[in-house]
Amino acid sequence: MKAGKTLKVDIWRGGEDGYYQTFAVPYQTSQTILDVVTYVQRKLDPTLSYRFSCRVGMCGSCAMTVNGRPRWTCRTHVDLVAEDGHIEIEPLRNFPLVKDLAVDMSVFFDKWRDAKARFVPSEADLDGFANVDPASRERKEASAGIECIGCGICYAACDVVAWNPDYLGPAALNRAWTLVNDVRDADPNGHLKAVAGDAGCHACHSQQGCTSHCPKSLSPTASIAGLKRKTFAALLKGGL
Amino acid sequence: MNVLSAHRNHPTYWAFVLHRVSGLGLALFLPIHLYVLSMAIDGGARLDAFLDWTAQPMVKMAEVGLVVLLALHMAGGLRLLAVEFLPWRDIQKTLAAVAGAFAFAVGVLYLLNVV
């Protein structure tokens, strides 16, 4: 597209039983979807609700559904997604809707808690720094999943979350996997127990929607597959 | 559920759909298969008559489809076992493509044999 053209932007308004409202937004070079939404709110309709913070792909606040796919809107260029100058922007799937493009993220983060996806320190940590070999298998596994920004895109892309509302979801399981591989963590079996149930890692169908959509190019499917192997091994060893 | 929604349009989702659909197809075929085999119990004349009927070209073509379903389900199952039990590889799309290509090749080979 060229500067001076106008985009036709359909934005979801209201709650679950809401509707699409169409806006005309001037196209600009290197414009992002977040720029489009911000233009609508600042110039056309100040009642539009949406969420953002850093604008540079670090905070994970601005994820929305753009032309059917969950995306981080601050780093998604209009040129990448517009179809004949048309963009459809909806709230993320699989989250309770607050209003317009703002969803309630609490269920998502509650599941991080339920997956026991937090570090358990050990007494040994009090005596100084742990020496973790950067080349060790565990450190590499943890490093592969550690850059999650908690944007919820994987959760929105996952059909299993839609089918089973209790499913812990890709992000929480990915975080649990980094902790299982953290040699400083005092309770690796505790992490495995938390994710071994019906709503845990074994519910994953390996469709890999999470991996296909993760804006940080992480692979939650790889982490979940790791958890499947680890929980299986722990079961055989009587650790569960 | 809209299977064609944009967020589902990626190779490993289609691999999932093919695996499920082929499994469903085989599950529907199995009772018919067992019923036909059961014809052998009462003499075999009915079974022979049925087997003559299956020599028709349309039935042969359906048989090719059945072989493709079997190959798809086997290759898809092996792919899933590799994903879940072997160390992770970042070549997931390639694995899905190899599984699909295997099923297609088996189908073509079978087709060349029956024609």
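Residues numbered from 1 in each chain as written. Chains lettered and ligands numbered in written order. Predicted model: local features only at pLDDT ≥ 70, side-chain atom pairs only at ≥ 80, totals over all residues.

**Remarks on the overall build of chain A**
Link 1 in the chain: Within chain A one finds 10 helices and 7 strands.
Link 2 in the chain: Summarising its shape, the C-alpha atoms of chain A cover approximately 65 × 35 × 30 Å along the three principal directions.
Link 3 in the chain: Taken over 240 residues, chain A has a buried fraction of 42%.
Link 4 in the chain: Pairs at least 24 apart in sequence give 66% of the contacts found in chain A among residues at least 6 apart. (Helix = DSSP H or I, 4+ residues; strand = E, 2+ residues; numbered from the N terminus. Buried ≥ 20, exposed ≤ 12 C-beta atoms within 10 Å, placed from the backbone. Contact = placed C-beta atoms within 7 Å.)

**What about helix α1 (residues 33-44) of chain A?**
All names here are of chain A.
Link 1 in the chain: Along its 12 residues, α1 runs 16 Å from first to last C-alpha, staying within 8% of the 16 Å computed at 1.5 Å per residue.
Link 2 in the chain: Inspection of α1 places Ile33, Val36, Val37 and Val40 among the buried residues, and these make up the whole buried set. Seen along its axis, α1 keeps its buried residues to an arc of 95 degrees; they face one direction. Turned more than 90 degrees from where α1 packs its buried face, Arg42 and Lys43 sit exposed.
Link 3 in the chain: The inward-facing, buried residues of α1 abut β1 (6-13), β2 (19-26), β3 (63-66), β4 (69-72), α2 (78-81) and β5 (86-90). (Expected span 1.5 Å × (residues − 1). Arc of directions from axis to C-beta.)

**Describing the confidence of the model for chain B**
Link 1 in the chain: In this model, chain B carries a mean pLDDT of 92, and residues with pLDDT of at least 70 account for 97%.
Link 2 in the chain: Mean pLDDT per element in chain B: helix α2 (residues 45-53) of chain B is the minimum at 91, and helix α1 (residues 11-38) of chain B is the maximum at 95. (pLDDT = per-residue confidence, 0-100.)

**Re the interface of chain B and chain A**
It is common to give the size of an interface as the accessible area that goes away when the parts come together.
Link 1 in the chain: Between chain B and chain A, the contact holds 14 residues from the first and 17 residues from the second.
Link 2 in the chain: Considering every element that reaches the side of chain B that touches chain A, the biggest residue donor is helix α3 (residues 57-85) of chain B, with 4 residues.
Link 3 in the chain: Broken down by class, the residue content of the side of chain B that touches chain A amounts to 7 nonpolar, 5 polar and 2 charged. (Nonpolar A, V, L, I, M, F, W, Y, C, P; charged D, E, K, R; others polar.)

**Focus on the sheet that holds β5(A)**
Residue and element names in this part refer to chain A.
Link 1 in the chain: Spatially, β2-β1-β5-β3-β4 is the arrangement adopted by the 5 strands of the open sheet, whose pairing is mixed. Taken across any chain shown, the strands that pair with only one partner, and hence form the sheet edges, are β2 and β4. Each adjacent strand pair in this sheet contributes to an overall mean axis angle of 35 degrees, direction not counted.
Link 2 in the chain: Where α1 meets the sheet, its contacts fall on β1, β2, β3, β4 and β5, and the angle it forms with β2 comes to roughly 95 degrees. (Pairing = 2+ DSSP bridges. Axes fitted to C-alpha atoms, helices over the stretch in contact; angles between N-to-C directions.)

**Looking at the domain arrangement of chain A**
All names here are of chain A.
Link 1 in the chain: Domain boundaries assigned for chain A yield domain 1 (6-103) and domain 2 (106-236).
Link 2 in the chain: Put simply, the middle of domain 1 and the middle of domain 2, counted by C-alpha atoms, are 29 Å apart.
Link 3 in the chain: Elements with a minimum of two residues in the side of domain 1 that touches domain 2: β3 and β4.
Link 4 in the chain: Counting residues per element, the side of domain 1 that touches domain 2 draws most heavily on β4, which supplies 4 residues.
Link 5 in the chain: Broken down by class, the residue content of the side of domain 1 that touches domain 2 amounts to 8 nonpolar, 4 polar and 4 charged. (Domains from an automatic or database assignment.)

**Here we look at the packing of α1(B) against α3(B)**
Residue and element names in this part refer to chain B.
Link 1 in the chain: Where α1 meets α3, the axes come as close as 8 Å, and the angle between the chain directions of the two elements is 130 degrees. In this view, α1 runs oblique relative to α3, as classed from their interaxial angle. Every pair of crossing elements has a handedness; the one defined by α1 and α3 is left-handed. Across the interface between the two elements, Ala15, Leu18, His19, Ser22, Gly23, Gly25, Leu26 and Phe29 from α1 touch Leu66, Leu69, Leu70, Leu72, His73, Gly76 and Arg79 from α3.
Link 2 in the chain: Taken together, the residues that form the contact of α1 with α3 break down as 8 nonpolar, 6 polar and 1 charged. (Parallel < 35°, antiparallel > 145°, perpendicular 65-115°, else oblique. Left-handed = near helix turned anticlockwise from the far one by under 90°.)

**Examining the pairing of β1(A)**
All names here are of chain A.
Link 1 in the chain: Sheet topology places β1 next to β2; 8 bridges connect them, and they run antiparallel. The residue of β2 that forms the bridge with tryptophan 12 is tyrosine 20.
Link 2 in the chain: Connecting β1 to the antiparallel partner β2 that follows it, the hairpin turn spans 5 residues, and glycine 14 within it adopts a positive phi of roughly 85 degrees.
Link 3 in the chain: As paired elements, β1 and β5 share 4 bridges and run parallel to each other. Following the sheet pairing, aspartate 10 is matched in β5 by glutamate 88.

**As for the environment of A:Phe109**
Link 1 in the chain: Structurally, A:Phe109 is set in helix α3 (residues 106-114).
Link 2 in the chain: Judged by the 14 C-beta atoms lying within 10 Å of it, A:Phe109 is partly exposed.

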